[in-house]
Amino acid sequence: MKLLSVGSMNGVSNTCVHRHWAIKDVAEEVDTVNTSHASTIWYRITHHLFLSGLPLRLPDLAKANKQIREKLEKKQYDIVWIDKGLTITPETLQYIKTESPNTKIVSYSPDNMALRHNQSQQYLECVSLYDFFFTTKSYILDDMRKLGARRIYFVNNAFESRFHYPRILNDMDKKKLSADVCFIGAFEQERWESIKYLVDHGICVTVWGSGKYWGRYLNYSPNLRLHLGGLFSDDYAKSFAAAKINLCFLRKMNYDQQTTRTMEIPACGGFMLAERTEEHLALFKENEEAVFFGSNEELLEKCRYYLSHDDERKEIAKKGYKRCIDSDYSNNGMIRRAITIVMTEL
């Protein structure tokens, strides 16, 4: 199988890179087009104007469309796999269809692509030209069909087995990353309200997050350890094992029912305390493989209980890790299932 993998390929903690690793495991021959680029003022202005409703295309600073055409001039592919593809144009997809009519064009995104803040003008123009869509958002299938998607499939989020696995922590890791309760991620008001509730009731919470909003609360309470700048690379994976409790909040602006951390936390051997949703309940047995909450009051109750019941907490973390392995929530498993669909349904 010959496959062209298109996406943002920078960094070792980038989930697009992780999916690319899995693609290389599954396909016999894989070429790459890297859509990564440094942001510019013009790119940000164009994106802002698009969000305001103007049909402006984002500048293709990485020249990804040119790269794709050059690859197709030299080789025909069974699949062109495009990860999100905000700067990929309909002219490029039409070129693939004309020059290599047997090539199947696949769109994958971990974001809610039915919402404008995740889209681009190029993406909207391309929807009807993709042969397959794969999304981790079960609730957007009909919305994407209304945008023109023909074949769209829901897949769960996934962990990368070469990056997300239980790490052995040295003394320096423990000193830097140990926490009673830990959250890694972007600021959202609902997340802060939950963390604030814990802190105000005596729970020590460590937050690793970037952006000006987290910075407002640097001196909020001695119970809040706030590290601006986020947490990346190996430290990101190590932190899940170093913390007694790992909070898994969902993005309200995307209406998420699960997130990448849903898989990453238990895959790294961490104890996960996540928002209760139907998808979370289907993925992990409650109070056996993960623990869930539905309100700040329940969140506080669960934190207090599991901070004082070490053996139960560690056993749940072990079973959560086992569930990730036994149910194959890995990128390899997800990519293999997706490619099987692509190769058998057309």
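Up top is the structure.
Computed from a predicted structure; not experimentally measured.

(A) A look at the nonpolar core. The biggest cluster of nonpolar side chains holds 29 residues, and the ones touching the most others in it are Leu 4, Val 6, Ile 68, Ile 82, Leu 93, Phe 133 and Met 144. Looking at this core, the elements that each hand over two or more residues are strand S1 (2-7), helix H3 (64-74), strand S3 (79-83), helix H4 (90-99), helix H5 (121-126) and helix H6 (141-147). Setting aside residues no more than four positions away along its own chain, Leu 93 makes contact with Ile 82, Ile 88, Ile 105, Cys 126, Leu 129 and Tyr 130. Counting residues in each nonpolar core, the second largest holds 28 residues, with Trp 192, Ile 195, Phe 249 and Phe 293 among its members.

(B) Up close: the sheet that holds strand S8 (residues 205-209). Taking strand neighbours across the sheet as the criterion, the 6 strands line up as S9-S8-S7-S10-S11-S12 in an open arrangement whose pairing is parallel. Edge strands, defined here as strands with exactly one partner in the open sheet, are strand S9 (224-228) and strand S12 (291-293). Strand-to-strand twist of the sheet, defined as the mean angle between neighbouring strand axes without regard to direction, takes the value 25°. Bridging between strand S11 (residues 272-275) and S12 involves 3 bridges; their strand directions are parallel. Within the sheet, the bridge partner assigned to Glu 275 lies in S12 and is Phe 293. Sheet strands in contact with helix H8 (residues 189-200) are strand S7 (179-184), S8, S9 and strand S10 (243-248), and its direction is about 155° off that of S8. Contacts between helix H13 (residues 296-307) and the sheet are confined to S7, S10, S11 and S12, with S12 contributing the most and set at about 150° to the helix.

(C) Structural context of the pattern of salt bridges. One pass over the full model with this rule turns up 28 salt bridges. Between Asp 256 and Lys 137 there is a salt bridge, with the nearest N and O atoms lying 2.7 Å from each other. Of this pair, Asp 256 sits in the loop between S10 and helix H11 (260-267) while Lys 137 is found in the loop between strand S5 (132-135) and H6, placing the two residues 119 residues apart along the sequence. Judged on exposure class, the residue Asp 256 and its partner Lys 137 are both buried. Ionic pairing is found between Asp 235 and Lys 176, a salt bridge with its closest N-O pair at 2.5 Å. Here Lys 176 lies in helix H7 (residues 171-177) and Asp 235 lies in helix H10 (residues 233-242), a separation of 59 residues in the sequence. One salt-bridge network, held together by shared partners, links Arg 276, Glu 286, Glu 298 and Lys 302.

(D) Representation of the state of the cysteines within the structure. Summed over all chains, the structure comprises 0 disulfides. Here Cys 16 stays unpaired: no disulfide links it, and the sulfur of Cys 126, its closest cysteine neighbor, is 16 Å away. Here Cys 16 falls in the buried class, since its relative accessible area comes to 8%. Left without a disulfide partner, Cys 268 is nearest to the cysteine sulfur of Cys 324, which lies 9.0 Å away.

Scoring rules and cut-offs
Residues numbered from 1 in each chain as written. Predicted model: local features only at pLDDT ≥ 70, side-chain atom pairs only at ≥ 80, totals over all residues. Heavy atoms only, no water. Core = buried A, V, L, I, M, F, W, Y, C linked by side-chain atoms within 4.5 Å. Buried < 20%, exposed > 50% of the residue type's maximum accessible area, 1.4 Å probe, protein only. Helix = DSSP H or I, 4+ residues; strand = E, 2+ residues; numbered from the N terminus. Contact = heavy atoms within 4.5 Å. Pairing = 2+ DSSP bridges. Axes fitted to C-alpha atoms, helices over the stretch in contact; angles between N-to-C directions. Salt bridge = Lys/Arg side-chain N within 4 Å of Asp/Glu carboxyl O. Disulfide = S-S within 2.5 Å.

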